[in-house]
Structure formats: C-alpha cells, structure tokens
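# Geometric and topological summary
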Amino acid sequence: MTRSLLPFTQFVVKVHSRCDLACDHCYVYEHADTSWRARPKVIGDEVLAKAAERIGEHAAAHGLTVVRVVLHGGEPLLAGPDRLRRAAEEFRSALPPGCALDLRIHTNGVLLSPAFCELFDQQDIKVGISLDGDRAANDRHRRFADGRSSHPQVLRAVALLRRPEYRHLYAGLLCTVDVDNDPVAVYDALAELDPPAVDLLLPHATWDQPPKRPADRGENPYAAWLLAVYDRWEAAGRPFAVRTFDSVHRTLHGLSSLTESLGLEPAALVVLETDGTFEQADSLKTAYDGAPATGLDVFTHSLDEVARHPGMVARQSGLAGLSATCRACPVVRSCGGGLYAHRYRADGGFDHPSVYCGDLMTLINGIADRGEPAPGPGEAARPAAVQAVPAQAGEPAVPAGLTDRRLDELAHGHGGADTVRALVRSQLALTRAMLAAVWGTSGLRSSAAWELLADLDSAAPAALDTVLGHPYARAWAARRLGGDPGAGLGRLAELAGAAAVRAGRGDAVAVPVRAGALHLPTLGRLALPGGEAVVTGTGGGFTVRTADGEVLTIGAGHGDPRWEPVRHVRLAGGWTLALEDTDPQRDSHQWPVGDRLDEAELHAWTGALREAVELLDRDMPAYAQGLRTGLTTVTPLCPGPAGRDVSAAARQAFGAVGIARPATAPILALLLAHEFQHVKLGAVLDLVDLYDPADGTLYDAPWRPDPRPIEGLLQGTYAHLAVTAFWGTRTAIYDGLPGTAAEHARAQFALWRRYTGEAVERLAGSGSLTPVGLRFADGMRETVGPWLDVRLPKAAEDAARQARQDRRPTVPTG
C-alpha cells in the first residue's frame, strides 16, 4: 500500500552546465541527449530563489524532516564561490522549521582549493569526488579536452579533503567501471585514499548502445570485474562502505537498497537544470535525445505536479513497473530490473530487462554464494519500502530524518521532540510497508478489507495513520511475516474496521469475532459470540451488526456494557497515554500481560503516571521530550515474581512499553525512561546498521551473569544511560542529606555509572561496530564521562562494589 504521491527527498541542482574536463563516458555531453547546448552556463538568481521556495513548500506540505540537495553540473565549481554560497543560503533559509538540509556537491575535483573548502565548511557542504582509480584507469576517460591527465589535480583535491580541518567534508569517491582496467589496481588506488565510502557505477548504456564486452572477458565481464573488487574489499575487512555491495547484502534479506540501480524502492529524485526546467534522473540522457525532459519548470509548476509526471511515476512503480521477464526472475527483489535508463530500447521503450541483466544476476548470485552477512535480530522483517535519502558519490544513504545532529543527539541517550518525531515517521512508513508485504504474501487476489484500507489511504490518510501507528499493528505484521500460525489475516479486517470508524464516512466492513470479542485496534473490544460482525463508521461513533442480526450503536451518546474502550490518561502539557488492556496483540512483551484493569487499578495507574511524568519533566527533561513525542501506549503487565519490578519493550511494537505498576511513582518514571531507550534504539536500528550482524560473539554484560550477543549488549548499554541519569538526579536531589533513600540513590548511581561506562568501552572495543556504530558509542561515552567524575561517599562506592560482585541489580537489567 502506497500513498498516491511520493514526495521528492533528493534534489539535484545544476549550478553550471559546462565542464572543464572532456570525459568520453560522460552521459551529459557524450550520449544521446543534447539539451545542454541550449541552456545557460550558470544558474541565475531567480532560478535559485524559486527553486529554494519550491523545495521549501514541498517539504512543508509533506512533513519532510530532511531533504538532500546535491549541487551538480557540468562541473559545479565553475559556478564560483559566490554562486555556491548563495545557493546554500537560499536552500537553507527556505526550509520549514523541523526540516534539515543535507547539502552536497559532486565535483571532478580539478578546481578544489582551500578557499572552496573553507566555504564548504562554513555552509556545511559535503564533497564527493569522481575518480576512476589509479592514473592509468583514470586517464582512460577523465582527461582535459587537450588530452592532458586530470589525475594529479584530483589527487590534490582528495588530499585537501583528507586534511584534519576538512576531513568532515569528505563524502566519498565515485568510480565508473571499465572492464579494461585492472579491478584490483582500481580498488587499491581508491582504498589508499581512505574514503568514507565508494560508489562503483556501471557505465551508462542501453540495448541500442550496449556496453563494450571484450571477447576474452567472458559472458558477464562487469560481474567478474565487480566480484574481483568485492573479494578484495572483503579480504580487507570492508574498510569503507561500497554502496553496490551493501545494497546487494541488504536486498538479499528483504531490506532497502541504498541505490536507485538496485532493489525495488521508488525513486524520489528530481533534477533542476540551470534554466529552471525540471528533469528526471540524469542517467536517462543516455537513452535518447530529450528522454529526461518533463516539460515542467520551477516558475510555473509545483514539485507535486512534477511528481505526478508519468515518467516520474514509472520510476516509482516497483515490481509492477518491470518487464514480464524481470517480474519472473528469482533475483528481482535484489536487482530491481537495474537502473531504469539501462532498460531502454527503441522497440518497447523501458519495458525490458537491464542491458546488464546477466551481469547483475551473476553479481547478486556471486555475493550470495560467498555467504553475505545475515540480518541482525529483528532485521529480517525490515521491508525495502523504508525510505532513505538517496546517496551521492558512494556514501551510504542517509535515512530520512536521521540527520547527523539527530543521530548524535540519540547517541548521547536523548532525543528531542523533532528527533523522535522523525523516528515516529520512519516507523509508520515501516509498518505500512510491512502491511503491504503481508498482503503481497497472502496469496489472496482480492479482499474487501484490503480494498477499504487502500481507499482510506487516499481519502482519509490521517485516520489510517492513527490506526497503523498503533504499536501492535506492526507487532501482528511481524508475526505474520515470520510465519506465526496464530497471526491470521483477520487482523486486516480489524485494522480496516478501526480506520473506517475513525474516518466516519459510513464505510462498512466485516470483522471477525475472535475468542469472544470483536477487536478494533486503538478503539477497544466488544464482547460478542463467535462469527462475524459488520462495523460501520457513522461519524462520532459506529454501529455493529452481529451475526444474528442485532444492531448495536457505540459512541455518539450511545453505550453498551459489552463495549470495553481503550482508556487514556491525560497528562500535563496535553500528552495522552493509552492504557492498552484490550488488544490481543499486546502480548508482544517478554512478560505476561495483565487483564482488563478494574476501576481501582485504573485510578491507581492514572495517579502514578501523572506523578511519574511530573518527575521526568522536572528531573530528566532531555529524556522527557522524546517520551512525550514517541510514547503512546503503556501496556499493564502481570506483577513480577517475588515483588520484582518488571517492564519490557518489544522490538516490533514502537511506541509501547509494558510495565507492571510498581509501588512508587519514581520507580515508574525510571521504568518508563529505561524502556523507552529500547524503543528509540530499535527505531534507529531499523534505519542504520550500528554493528556487524554477522558477529556471533557473546559479550559480558556487567549487569548480568549471562553473556549477551552484540545487539543485547548495545540495547542494555543504551537503556542504562537513562537508568544512570535517573539515579544521578536522585543523588543530586539528596545531596548532603542523610537517610536510607539518599544512601540507596548514591549507591545505585555509583553502580550504574560503572556498569554503563564499562559496557560502552566493551562495545567500542568489540571490533563489531560499524563506523556509525563507533560514532554512536562515542556519544554514549561523552554522556557517561561526567558521571564518572562525580565524587561519591566511600559507603556508596563500597555498596556498588558489593553489588557488582553479587551482580544483583535492583532495576530491570535490559
């Protein structure tokens, strides 16, 4: 199920339409399209200003939390520093609050200088460089018009970016494959430049203008070339990201691709030329003259109008947009039909497999046969439709909303409202994609419930999003996709019924009665005998026609003693939490769930939650902001054994925590903060890999007697940032005061700061963390550091030392 309009998230802006090199494989100047000849050399002020306005209004209309703008050409450095500065300022100032700008420039590097780097540092512009390998490989195509080599100038540019003061600007290298070049020599030359990422591009070609295939290189020479590089990269321990290889790994496990040239993700990119015209992907210039044209321009047309262009829609059609040959192919979900431009043939247009079809199949199977890494816990169900901002110059894709600032904020254990809101959006997209995967694997050709869901997706998206945002909608989808025989398709009808009620359009849907109840997620349950009932949303309420013909009216002033609604607790600041004790999918946590709360227990929960939230707002505001934004549901659990406080978060139930109500509100505050750390980290792991999923090592967790897998250690460490922060604030509150409570707080702070600090170092030294994972660990270390400097009484340290020896933590151990 997809929305009727997929917004653009990447904008390639041509700031200069000419180039200072004469690369003979360039798709702009050397292929079929000749439109560059008639365009202005430099983008004008009016075009820049209007483009920024259009992007800003598009971001606001679609609630985008990040957009990527790539300054491109031709050669964009020819536009000069003043023009580039103006572009950066225009695009940044036009974005709405809450939307970040990820600004890039892709250059051949010839003109790169310290002055440009200073500008890019000031304007936060990351730099990608085109380089085809060693000098022999690079000079095969990337020369000046008079035949001179560009290799020395490019190496100087990369050396400049590798300086400590500019290293943060270095985005990566883009290399176009040529099978006449030695793949190992090319790899070694690129690796020597210590890039954060490398992108390996197949040369643009079509069935009418096929790529060269030397007779002595076998049937699939491009696959052989790439696999030779893959083996070298693998043997070196994967020292940097390679987008093609990473995308194959991911798509083989049903995850999202990081590039438009692989996988089934819809394209979310648009090009703006120097004259203000909108075009489709630049790669289409290789198909035929005028292939990327849309006939639309920045002055006359909105980006929504551009997104509805048939050419744009065709590149967003996924499996349905591929040729019959591709749809029947066993590797189609990894290959995705290849790059759209590479499918072109005059006879039939783009309704063909890629001209690199055999190479792509050989590459994908070759990597699979080499034993690509398996997905981590919970990752196998991550669907390909989770959107990422397309990458440039070989850099791994930046997940939508997870900007550098937000990632660092989360790494420190926190997460403000806008950061957690970005996670909420990504999780809703994930749930929608999983629901689509459930339908796609159901074997059904039609369903009234599914058709209603699809209709409401267009007509009442807010109502549908509210229902799909329920934590246990995704929990059911994960169970279904995991083969759980108890996760029946009747849940689709329950979701459709709840959405129909919320939409209030009068839609009727048949909903099964299971275990003596009709369930409407987010709304409640109605006790009924078995069979099926028809639910009709009436606006302000709904009716239920039972199997025996009885009609019940719920809401809008009508009630029924058999109806058990989901109860909500209103908290300070307008925050409302659902106490979920009706949904059958709520048993997703490791502890058994409680029964329906009686009135006394409901009142007890209400008072405890209000007091706990007041404490969190006052003492832990950096954690409370995220809780207020992302936590929607508390599921009451059965009391733990021997009075133990129990709580849990479920990896597939974002927005919910399960808790057995503790004896005091402060402990409830601790459990809420502790479990929501797991919720946040799970959402981060759905967007970016922090560790090597192939790592099967078990690691000592200081707070547990049993060793943990790498994700378990990471989850526990992250959760205990909030635990340590809680006891740190309690210690500060009791500063200088005697008494058992004060001594207990100080001892707990002493214990958990050491536990958490040790765990951070164990993670960082594991050798399993990815570069982003190491950065995440650095953030956690920076949070723990000041805690370790706090002086505590000897009695507190002694108590902590004894507890460490006994390994008897007094809070959930994570």
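Heads up: the structure comes first, above all this text.
Please read all numbers here as calculations on a predicted model, not as lab measurements.

## Here we look at the overall build of the chain
The helix and strand tally for the chain stands at 26 helices and 26 strands. Taken over the C-alpha trace, the chain has a radius of gyration of 28 Å; the compact-globule value for 814 residues is 28 Å, and the two agree within 12%. Dimensions of the chain along its principal axes, counting C-alpha atoms only, are 85 × 75 × 50 Å. Relative to its 814 residues, the chain shows a buried fraction of 58%. The contacts in the chain between residues at least 6 apart in sequence include a share of 71% that link residues at least 24 apart. When the accessible surface of the chain is summed, it comes to about 30800 Å², and 53% of that surface belongs to carbon and sulfur atoms. Of the charged side chains in the chain, 82 are positive and 98 negative, and the gap between their average positions amounts to 2 Å.

## Observations regarding the pairing of strand β14 (residues 517-520)
Of the two faces of β14, both are covered, the one formed by A517 and H519 as well as the one formed by L518 and L520. Pairing of β14 with strand β15 (residues 524-527), which is carried by four bridges, proceeds in the antiparallel orientation. Bridging across to β15, L520 finds its partner in G524. Adjacent in sequence and paired antiparallel, β14 and β15 are bridged by three residues, among which T522 carries a positive phi angle near 80°.

## Observations regarding the sheet that holds strand β13 (residues 508-513)
Spatially, the four strands line up as an open sheet ordered β13-β16-β17-β18, and their pairing is antiparallel. Sheet topology places β13 and β18 (551-555) at the edges, where each strand pairs with a single neighbour. Averaged over neighbouring strand pairs, the angle between their axes works out to 25° when direction is ignored. Pairing between strand β16 (residues 531-537) and strand β17 (residues 541-545): four bridges, direction antiparallel. When the bridges of β17 are listed, T536 appears paired with T543.

## Overview of the pattern of salt bridges
This structure, assessed with the given rule, holds 63 salt bridges. Its salt-bridge partner being R243, residue D199 comes within 2.3 Å of it at the nearest N-O pair. Taken together, the residues D199 in strand β6 (residues 197-201) and R243 in helix α8 (residues 243-251) connect sequence positions 44 residues apart. One network of salt bridges, in which partners are shared, links K14, R39, E273, D275, E279, D282 and K285.

## Topic: the state of the cysteines
The full count for this structure, using the stated rule, is zero disulfides. Cysteine C117 shares no disulfide, and the gap to the nearest cysteine sulfur, in C19, comes to 18 Å. Between C326, a free cysteine, and C335, which holds the nearest cysteine sulfur, the sulfur-to-sulfur gap is 6.2 Å. When its relative accessible area of 8% is taken as the criterion, C326 is described as buried.

## Concerning the packing of α8 against helix α13 (residues 357-369)
Relative placement of two packed helices is described by the angle separating their axes and the distance separating the axes. It is the contact of α8 with α13, at a shortest axis distance of 10 Å, that shows an interaxial angle of 70°. If you check the angle between α8 and α13, you find them roughly perpendicular. Taken as a pair, α8 and α13 cross one another with a handedness that is right-handed. Where α8 approaches α13, its residues T244, F245, V248 and H249 are matched on the opposing element by L363, I364 and I367. Residue composition of the contact of α8 with α13, by class: five nonpolar, two polar and no charged.

## Regarding the side chain of T633
Along the chain, T633 falls in strand β22 (residues 633-636). Residue T633 is classed as buried on the basis of its relative accessible area of 3%. Polar contacts involving the side chain of T633 include one to the side chain of T632, which spans 3.1 Å. Apart from residues no more than four positions distant in its own chain, T633 is found in contact with P471, Y472, L577, A578, E580, G655, A656 and V657.

## Let's talk about the packing of helix α7 (residues 221-235) against α13
At a minimum axis distance of 7 Å, the contact between α7 and α13 shows a crossing angle of 30°. It follows from the interaxial angle that α7 and α13 lie roughly parallel. Relative to α13, the crossing made by α7 is right-handed. For the pair α7 and α13, contact is made by P221, Y222, A223, L226, L227 and Y230 and by D359, T362, L363, G366 and I367, respectively. Each residue belonging to the contact of α7 with α13 can be placed in one class, and the counts come to eight nonpolar, two polar and one charged.

## Brief notes about the sheet that holds strand β7 (residues 241-242)
Overall, mixed pairing links the 10 strands, which are arranged β7-β6-β5-β4-β3-β2-β1-β8-β9-β10 in an open sheet. Both edges of this open sheet fall to β7 and β10 (293-297), since each of them pairs with a single strand only. Both strand β1 (residues 10-14) and strand β2 (residues 66-72) contribute to a ladder of five bridges, which runs parallel. Each residue of the ladder has a partner; that of V12, found in β2, is V70. Together, β4 (125-130) and β5 (170-176) form the strand contacts of helix α5 (residues 151-161), whose direction differs from that of β4 by roughly 150°.

## Some words on the environment of W233
Within the element layout of this structure, W233 appears in helix α7. Here W233 falls in the buried class, since its relative accessible area comes to 1%. Taking the C-alpha atoms as reference points, W233 and D188, 45 residues apart in sequence, are found 9.2 Å from one another. Not counting residues within four places of it along the chain, the set of residues in contact with W233 comprises Y187, R238, P239, F240, V242, F245, D246 and H249.

## Comments concerning the nonpolar core
If you look at the biggest cluster of nonpolar residues, it comprises 91 residues, and the most contacted ones within it are L71, L84, F91, L112, F120 and F245. Discounting chain neighbours no more than four positions away, the residues touching L112 are L77, C117, F120, I129, A157, L160 and L161. L571, W575, V634 and L721 belong to the second-largest nonpolar core, a separate cluster that totals 78 residues.

## Regarding empty space enclosed by the protein
For the coordinates displayed, the defined rule picks out seven cavities of 30 Å³ or more. G263, E265, R315, G336 and R343 are, among the 17 residues lining the largest cavity, the residues nearest its centre. In terms of residue class, the lining of the largest cavity is built from seven nonpolar, six polar and four charged.

## A few points about unusual backbone geometry
Note that the residue after G73, namely G74, is joined by a cis bond; omega there is 20°. Positionally, G74 belongs in the loop between β2 and α2 (81-94). If you check the backbone angles, D194 has positive phi at about 50° while not being a glycine. Of note, D194 is situated in the loop between α6 (183-191) and β6. Here D194 falls in the partly exposed class, since its relative accessible area comes to 38%. One non-glycine residue, A515, adopts positive backbone phi at about 50°. By secondary structure assignment, the location of A515 is in the loop between β13 and β14.

Each value, and the rule that gives it
Residues numbered from 1 in each chain as written. Predicted model: local features only at pLDDT ≥ 70, side-chain atom pairs only at ≥ 80, totals over all residues. Heavy atoms only, no water. Helix = DSSP H or I, 4+ residues; strand = E, 2+ residues; numbered from the N terminus. Rg over C-alpha atoms; globule rule 2.2 N^0.38 Å. Buried < 20%, exposed > 50% of the residue type's maximum accessible area, 1.4 Å probe, protein only. Contact = heavy atoms within 4.5 Å. Areas by Shrake-Rupley, 256 points an atom, 1.4 Å probe, with all protein chains shown as cover. Lys, Arg positive; Asp, Glu negative; His and termini not counted. Charge placed at Lys NZ, Arg CZ, Asp CG, Glu CD. Pairing = 2+ DSSP bridges. Axes fitted to C-alpha atoms, helices over the stretch in contact; angles between N-to-C directions. Salt bridge = Lys/Arg side-chain N within 4 Å of Asp/Glu carboxyl O. Disulfide = S-S within 2.5 Å. Parallel < 35°, antiparallel > 145°, perpendicular 65-115°, else oblique. Left-handed = near helix turned anticlockwise from the far one by under 90°. Nonpolar A, V, L, I, M, F, W, Y, C, P; charged D, E, K, R; others polar. Polar contact = N/O pair within 3.5 Å; in protein donor to acceptor, adjacent residues only side chain to side chain. Core = buried A, V, L, I, M, F, W, Y, C linked by side-chain atoms within 4.5 Å. 1 Å grid on protein atoms, 1.4 Å probe; cavity = no way out; pocket = protein on both sides within 12 Å on 5 of 7 lines; lining within 4 Å. Points joined across faces, edges and corners; volume = space filled by probe spheres on them.

Honestly, it's all geometry; don't read function into it.
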